[in-house]
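Letter by letter, the chains look like this.
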Amino acid sequence: MRKPRGVVIAPFDAVGQKVGSAVRRSLQKLGVETFYFEELQPGASWANAVSDAIGSADFIVADISRPNANVLYELGHAHALRKPSILLRSLDADSRPPEALVGYHYITYDPTDLRDLEQDVQRAA
């Protein structure tokens, strides 16, 4: 029997990497095989690997706290494939989510203490 697969989508900045690591730890405790794009080298094969990972995932976890074109593009691709998604939003997010995502449920997290985020993601997964 194959493990469930999750893809973690977050910006590549320091905050995004901390959030992505917390989410991966949380999912791995549940036995979910996780894929996070920081593991890839940039280039043409990167786009194919991202598309393949999203296509083979059972669900997506995406941090949409800050406007980030890559995160929104990858989440849009996942939505087009009708992949279930868990959306994350930081308490200190300084902008509204894009209009297309306003009606979705979010897990709100405190970027200074990610322990609650890990538990919330485990409950949602």
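Given the structure is predicted, the values throughout are model-derived calculations rather than measurements. Residues take numbers from 1 onward in each chain, read along the sequence in its written order. In view of the model being predicted, local features appear only for residues whose pLDDT reaches at least 70, and side-chain atom pairs are presented and counted only at 80 or more, with totals across whole chains, interfaces and linings using the full set of residues. Derived side-chain values reflect all non-hydrogen atoms in the structure, with water molecules and hydrogen atoms excluded from consideration.

### Topic: the sheet that holds strand β5 (residues 106–109)
We count it as follows: Note on pairing: DSSP must find at least two bridges between two strands before they are called paired. Secondary structure elements are defined from DSSP: runs of H or I of at least 4 residues count as helices, runs of E of at least 2 residues count as strands, and each element is numbered from the N terminus. In this description, a line fitted to the C-alpha atoms serves as the axis of each element, helices being fitted only across the stretch in contact, and the angle between N-to-C directions of two axes falls anywhere from 0 to 180 degrees. What makes two residues a contact is simply this: any of their non-hydrogen atoms within 4.5 Å.
Across the sheet, which stays open at both edges, the 5 strands sit in the order β2-β1-β3-β4-β5 with parallel pairing between neighbours. Every interior strand has two partners, whereas the edge strands, β2 (33–36) and β5, have only one. In this sheet, adjacent strand axes meet at a mean angle of 20° when their direction is disregarded. Strand direction decides the pairing type here: strand β3 (residues 59–63) and strand β4 (residues 85–90), joined by 4 bridges, are parallel. From the neighbouring strand, Asp63 faces β4, where its bridge partner is Leu88. Packing of helix α4 (residues 115–124) onto the sheet brings it into contact with β4 and β5, and relative to β5 it is tilted by some 165°.

### Points about the environment of Gly76
Selection criterion: Residue burial is assigned from relative accessible area. The probe radius is 1.4 Å, only protein chains are included, and a residue is buried under 20% of its type maximum, exposed over 50%, and partly exposed in between.
On the secondary structure map, Gly76 appears in helix α3 (residues 69–80). Here Gly76 falls in the partly exposed class, since its relative accessible area comes to 35%. For the pair formed by Gly76 and Leu101, sequence separation is 25 residues and the distance between their alpha carbons is 10 Å.

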